[in-house]
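Residue-level structural notes
Each chain, letter by letter, is given below.
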Amino acid sequence: MDQDRIRRAVRELLLGIGEDVQRAGLSGTPDTVAEAALEIYAGYGHDPEAALEVIEGPDNLIVLRDVPFFSTCEHHLLPFFGTAQIAFLPAGGRIAGFGSIARVVDVLARRLQIQERLTEEIAQALWQRLAPQGVYVALQARQLCMQMVGGREIGAVTLTVAARGALADGSARQEAVRLLGGDR
Ligand code: ZN
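Description of the structure in this document. (Residues numbered from 1 in each chain as written. Predicted model: local features only at pLDDT ≥ 70, side-chain atom pairs only at ≥ 80, totals over all residues. Heavy atoms only, no water.)

1. Concerning the coordination of the zinc ion
To be explicit about the condition: Each metal site is built from N, O and S donor atoms within 2.8 Å (3.2 Å for Na, K and Ca), and since water is not included, such sites may look incomplete. Starting at the N terminus, helices and strands are each numbered in turn, a helix being any DSSP run of H or I of at least four residues and a strand any DSSP run of E of at least two. Partly exposed describes any residue whose relative accessible area lies between the buried limit of under 20% and the exposed limit of over 50%, with all areas from a 1.4 Å probe on protein chains only and scaled to the type maximum.
Of the protein atoms, only Cys-73 (SG), His-76 (ND1) and Cys-145 (SG) coordinate the zinc ion, at distances of 2.1 to 2.2 Å. On the primary sequence, the residues serving as donors to the zinc ion are separated as C-x2-H-x68-C. Separated by 72 residues along the polypeptide, Cys-73 in strand β2 (residues 62–73) and Cys-145 in helix α6 (residues 144–148) bring together distant segments of the chain. No difference in accessibility class separates Cys-73 from Cys-145, as the two residues are buried.

2. Regarding the pairing of strand β6 (residues 134–143)
Which entries qualify depends on this criterion: A strand pair is defined by DSSP finding two or more bridges across the two strands.
Burial of β6 is extensive: eight of the ten residues sit out of reach of the surface. Of the pairings in the sheet, the one linking strand β3 (residues 79–89) to β6 comprises ten bridges and is antiparallel in character. Bridge pairing links Ala-84 to Leu-139 in β6. Judged from the eight bridges that link them, β6 and strand β7 (residues 158–165) form a sheet pairing that is antiparallel. Bridge pairing in β7 places Ala-141 opposite Thr-158.

3. Examining the pattern of salt bridges
Here is the rule: Salt bridges are identified by distance alone: a Lys or Arg side-chain nitrogen within 4 Å of an Asp or Glu carboxyl oxygen.
A complete count under the given rule lists nine salt bridges for this structure. Between Arg-7 and Asp-31 there is a salt bridge whose closest N-O contact spans 2.8 Å. With Arg-7 in helix α1 (residues 3–17) and Asp-31 in helix α2 (residues 29–40), this pair connects stretches of sequence that are 24 residues apart. Take Arg-7: its relative accessible area is 27%, and that puts it in the partly exposed class. Owing to a relative accessible area of 42%, Asp-31 belongs among the partly exposed residues under this scheme. Residue Arg-164 is joined to Glu-120 by a salt bridge in which the shortest nitrogen-to-oxygen separation is 2.7 Å. One end of the pair, Arg-164, is in strand β7; the other, Glu-120, is in helix α5 (residues 115–130), and 44 residues separate them in sequence.

Here it is in structure tokens:
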């Protein structure tokens, strides 16, 4: 990441807003934003599939509820954040460590995203790496751009779903959705 470029761009943004970049409160802002970007966009350069630690286990339905994520909308550069509900039905005894599933969410969220694509990419990473019978991913989020800009849909929650294989429809999907506490 080009820290210097980010610092210069933040200074330009402040000037564009009409701010006084010399005032005490803003003197450190370009540095702080550039440093924060290292964490906020830490997902670049990491392969989400490689983040998945494949271990051996039974081919029983696995669900992870309320995995928190923080991402950034690529249109407004404003945060959207919420929780991921993830279910997968393994095949061939390939399961993934719970922590590494959360890590996949993190790698993909800490980039410029839209919620719809983030949901798809999480499902696809699990689908590719584990070759399971099925995958189901639902994200619920609050989009700061929806709340602060334009229509100001204050309090609106957005929900996106991506599914593959046996969890794309039918009774296995219903069971996964039930265990995850509903389509939320
Ligand atoms: Zn946006």
